[in-house]
Amino acid sequence: MVEGPSLLASLDFISQDEMLTPLGRLDKYAASENIFNRQMVARSLLDTLREVCDDEGDCVAVLERIGRLADDSEPTVRAELMEQVPHIALFCQENRPSIPYAFSKYLLPIVVRYLADQNNQVRKTSQAALLALLEQELMERLDVETKVCPVLIELTAPDSNDDVKTEAVAIMCKMAPMVGKDITERLILPRFCEMCCDCRMFHVRKVCAANFGDICSVVGQQATEEMLLPRFFQLCSDNVWGVRKACAECFMAVSCATCQEIRRTKLSALFINLISDPSRWVRQAAFQSLGPFISTFANPSSSGQCFKDEGKSSEDLAAEDKNRLTDHDAAEEEQPGREDAPAHSSASLERALEDCAPETCGNSAGDISVPEDSSSLCTLSSESHQEAASDENKKPANCKSALWSEGGSSSPDCTPLDQELFNSFHFWRTPLPAIDLDRELQLDSGDTLSPERTGDAPGVPEPASPNITMATRKELEEMIENLEPHMDDPDVKAQVEVLSAALRASSLDAREEASGVEHRTELQDDLGVSELPDCSLDQDARGPLVSAIEESMDATPHCVRGAADVTTSDSFSPDEERRSKVQDVVPQALLDQYLSMTDPSRAQTVDTEIAKHCAYSLPGVALTLGRQNWHCLRETYETLASDMQWKVRRTLAFSIHELAVILGDQLTAADLVPIFNGFLKDLDEVRIGVLKHLHDFLKLLHIDKRREYLYQLQEFLVTDNSRNWRFRAELAEQLILLLELYSPRDVYDYLRPIALNLCADKVSSVRWISYKLVSEMVKKLHTATPPTFGVDLINELVENFGRCPKWSGRQAFVFVCQTVIEDDCLPMDQFALHLMPHLLTLANDRVPNVRVLLAKTLRQTLLEKEYFLASASCHQEAVEQTIMALQMDRDSDVKYFASTHPSSTKVSEDAMSTASSTY
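Counting restarts for each chain: residues are numbered from 1 in the order of the written sequence. Under the rules for a predicted model, residues below a pLDDT of 70 receive no local features and side-chain atom pairs below 80 are neither given nor counted, while totals for whole chains, interfaces and linings still include all residues. To obtain the side-chain values, all non-hydrogen atoms of the structure were included, while hydrogens and water were left out.

The name that an unreviewed UniProt entry assigns to the protein is Serine/threonine-protein phosphatase 4 regulatory subunit 1 isoform X2, with the source organism given as Mesocricetus auratus.

Below, the structure written as structure tokens:
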């Protein structure tokens, strides 16, 4: 009896709510002191609007109550209200005629006001609501300019709250792509530039750096280069490593918004500084962005987009190279008064050396020796070589000088003092002025140059004056002082050691230089060489000295070693020696740093997964360099392909087909096919990458090479884990695509056994795909001439599946027949002749699942064909008799599917309906 009044009271309360109008209920609970009631009001606002949407006055009344609810003192109520604002705004947009200007007048002011709310949760929900409204285009452009942007600019004022300022900057950056270039450039960009220089809060600078790329992509190239790049340079040198790390992460987006010249001259040097940053986290982010940054140098006209290499002949290319070299030398002649070294490009230098006669220029492009002193004939000690190799990514120093190989050991004139002075500086030093030895020797002897000799070496500057050495010495001292605070970094330590060696070597006097010239003259006379090539190294005159040092350090070490090393280097062919890692598409320093990502020391000092990042971006780098520069990446690719981490090899396996398109058929056959073969025998985690793009790769190969893989397809049926059924399912998908690449004979001999094996797989998902594979195989073999392969395949299907002792095999036969009918793989007369008689015999099968599927196939698929609707043949009569027999079947499901005509006619849906019995 106690519960009676309580129950009546609650029922009375419910009846009172039902008697209230939607607005009355809203007012009742909005005024409640219970927080949960007010939260419920915020959640039910949209439902209330839907109830009163026919009455404009009631809609406005609900919106007005939203404004009063926004003043609630409880943060959870305000946050709940803000979560509903985007949904309410969308409803107002859809019912605009009934409630015009509802969003702009009632909702937007609440969103903007909450951006500065004291509660963090309310601010977060208002920021999310604002971005959702912009993304769904529910906000007018005028409202953005007059109501949103002014508030954000005010929130980023110097006297604003720190947390609010940081969040406001983030919102400005995120909304820039949504509001477009005009509003961003007029209203957001000036304040964004100010925030990049916020000296008090590094959080603000970090947010600016993280979103720098998005702003650049919105405002375009001109605004980026004029206003944003100076700020970006400041952020990249920020004293907080988190800011510099954010800059490294968005470097690619910034590069995409600049012109090629700025990208090459300014951004490249800036990126090298980030790669050499004292912070490991900055270096890690920089190396992850290195490949994407290099890809921004891509030029579609020179990247080799088409697969077949039908370009110009090697003679034409050599002629073009010679013309470019002549034009470059002519430009050098116009500047005879320059005191510094001519800025030869590395590519031009390589072409110049290749154009030299073999007996005159025995060095490859990678074997450049500067004929400034006797360092061209020196021996690099094992200690200095090992130090250089470990500090600079362990590049192989297998190059040798042609003069040394012909002349044997060093000249007896070379004193022990000279040997002690020979160190790594002679091979890693900054570029020195080029000197024509013949001209110098003839001037010393009082002779004049002949016209022929003048034509042979155009534009050669005079020997450098001593003041250049003094200037270089002073710059070296300054560089050493600047780098000493960062000696804990291995890269910086290597630079300091090189600079110190340069400083010691710069103290050599003119007597040692003269003795070096005299030594080379004797050696030249002994060898009978009339000319020496005019060799000069690349130097960017606009960059600081440290940039030149870094570029020189990143180059492959060019050294001359003992007699044993000379013998070893003879095993390399001249073509391999000429192939250096020098190109002119991207700055060489960037490429050298990218190639160093496979160095094991990088995994210890930078990132344990640095090799994976290198592998991930390698196709983009290869596309940028073009197939003509593949030799720069070949060794790196082979190193990655043999990496101990399977994740690295897996990454390469997933992209090898893309790389094949970039390289063309010849390079693919020579360099990628062996690696592809290795992946085929790798772990399943690596093999799946090859398998997913098996068709894409094999279609690029020559027909003879492609046929070699027919013998290996069977190996994909064997996996490390037998439960890895997705591997077999992917194999079936790829075999469907491979049918077009092989002849009917090859399909029948090699692909048919695999397909029939997959049709009997333990997993139904594999079988469903295999039914499609077998039907496509039937279609290909039947259309071949002669069609004997198709008939043999059909007979094998009947024998192995239609008469299979297991019911799952007989059911598979029905599935195959259904797929053949749906996809028109056989003409209906041929189907009626070869497959239908065996199909109809299954009407008496003892397993109901087989009869159910047969009823579906006959009723929903076979009788839909025009052949059975128009012709009164014996085949049609047989089908109708079978259906009548199935309609009287003892199983209710068989009766149902034989009597009705459901809408589902897809094999996959039929298979799903019997999934429990076919797994």
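Peer 1: For this particular structure, what's the right way to read the overall build of the protein?
Peer 2: Under the scheme used here, helices are H or I runs from DSSP no shorter than 4 residues and strands are E runs no shorter than 2 residues, and both carry numbers assigned from the N terminus. Within the protein, the regular secondary structure consists of 54 helices and zero strands. Here's how the labels work: a residue is buried when its accessible area is under 20% of the maximum for its type, exposed when over 50%, partly exposed in between, all with a 1.4 Å probe on protein chains only. By the burial criterion, 50% of the 919 residues in the protein qualify as buried. The long-range fraction of contacts in the protein, counting pairs at least 24 apart against all pairs at least 6 apart in sequence, stands at 74%. Every residue pair with non-hydrogen atoms within 4.5 Å of one another is taken to be in contact.

Peer 1: So what exactly am I meant to see when it comes to the environment of proline 805 here?
Peer 2: As for its placement among the helices and strands, proline 805 is situated in the loop between helix H45 (788-802) and helix H46 (807-822). Setting aside its immediate chain neighbours within four residues, proline 805 contacts Arg810 and Arg846.

Peer 1: What is the right way to look at helix H6 (residues 75-94) in this model?
Peer 2: Because the α-helix completes a turn every 3.6 residues, residues three or four places apart line up on one side. For H6, built from 20 residues, the straight-helix expectation of 28 Å at 1.5 Å per residue is met to within 8% by its first-to-last C-alpha distance of 30 Å. Where H6 bends most, the angle comes to about 35°, and this point is valine 85, followed within four residues by the proline proline 86. For a helix, the expected span equals 1.5 Å multiplied by the residue count minus one. Two axes enter the bend calculation: one fitted to the seven residues ending at the residue in question, the other to the seven starting there, and the bend is the angle between them.

Peer 1: I keep staring at the packing of H6 against helix H8 (residues 120-135) and nothing clicks. Help me out?
Peer 2: Any two packed helices are characterised by the angle at which their axes cross and by the distance between the axes. For helices, the fitted line uses only the C-alpha atoms of the stretch in contact; every axis is such a line through C-alpha atoms, and the angle between N-to-C directions lies from 0 to 180 degrees. Interhelical geometry of H6 versus H8 gives an angle of 5° and a closest axis separation of 9 Å. On the basis of the axis angle, H6 is roughly parallel to H8. Contacts between H6 and H8 involve Pro75, Arg78, Ala79, Met82, Glu83, Val85, Pro86 and Ala89 on the former and, on the latter, Gln121, Val122, Thr125, Ser126, Ala129, Ala132 and Leu133. All residues other than Ala, Val, Leu, Ile, Met, Phe, Trp, Tyr, Cys, Pro, Asp, Glu, Lys and Arg, Gly among them, are scored as polar; the first ten of these are nonpolar and the last four charged. Across the contact of H6 with H8, the residue classes break down as 10 nonpolar, three polar and two charged. An angle below 35 degrees is treated as roughly parallel, one above 145 as roughly antiparallel, one from 65 to 115 as roughly perpendicular, and anything else as oblique.

Peer 1: What should I look at first to understand the nonpolar core in this one?
Peer 2: Side chains of a nonpolar character, in soluble globular proteins, are inclined to be buried together. With 168 residues, the main nonpolar core has Phe212, Tyr594, Leu698 and Phe831 as its most contacted residues. Among the elements that take part in this core, helix H44 (residues 764-783) stands out by supplying nine residues, more than any other. Leave out the neighbours within four places in its chain, and leucine 698 touches Phe676, Arg706, Tyr709, Leu738, Leu741 and Tyr742. Among buried residues, those of type Ala, Val, Leu, Ile, Met, Phe, Trp, Tyr and Cys that are joined through side-chain atoms within 4.5 Å constitute a nonpolar core.

Peer 1: When you look at the packing of aromatic side chains in this model, what are you seeing that I'm missing?
Peer 2: To describe a pair of aromatic rings, one takes the distance between the centres and the angle between the planes. Any Phe, Tyr or Trp ring, taking Trp's six-membered ring, that has another such ring centre within 6.5 Å forms a pair; planes under 30 degrees apart are called stacked, those over 60 apart edge-to-face, and the others tilted. Taken as a whole, this structure holds 15 aromatic pairs when the rule is applied. Between phenylalanine 192 and phenylalanine 212, the ring centres sit 5.6 Å apart and the planes meet at 55°, which makes this aromatic pair tilted. Within this pair, whereas phenylalanine 192 is found in helix H11 (residues 181-196), its partner phenylalanine 212 is found in helix H13 (residues 212-219), the two being separated by 20 residues in sequence. Taken as a pair, phenylalanine 192 and phenylalanine 212 share a single burial class, namely buried. These aromatic residues form a ring-pair network of at least three members: Phe192, Phe212, Phe232, Phe251, Phe271, Phe293 and Phe297. Sitting over the face of the ring of phenylalanine 897, lysine 856 holds its NZ or CZ atom 4.5 Å from the ring centroid. Here, over-ring charges are defined by two tests on the NZ atom of lysine or the CZ atom of arginine: distance to the ring centre within 6 Å, and angle to the ring normal within 35 degrees.

Peer 1: Looking at this structure, I do not really get the pattern of salt bridges. What am I missing?
Peer 2: Opposite charge on two side chains makes pairing possible when the charged atoms of those side chains draw close. Only one rule defines a salt bridge in this text: a Lys or Arg side-chain nitrogen within 4 Å of an Asp or Glu carboxyl oxygen. Tallied over the full model, the rule gives 33 salt bridges. We note a salt bridge from arginine 43 to glutamate 80, for which the minimum N-O separation is 3.4 Å. One end of the pair, arginine 43, is in helix H3 (residues 35-43); the other, glutamate 80, is in helix H6, with 37 residues separating them in the sequence. Here lysine 692 and glutamate 730 are joined by a salt bridge, their closest N and O atoms 3.4 Å apart. Here lysine 692 is found in helix H39 (residues 684-692), whereas its partner glutamate 730 is found in helix H42 (residues 725-738), with 38 residues between them in sequence. One connected set of salt bridges, linked through shared partners, spans Arg141, Glu145, Asp182 and Arg186.

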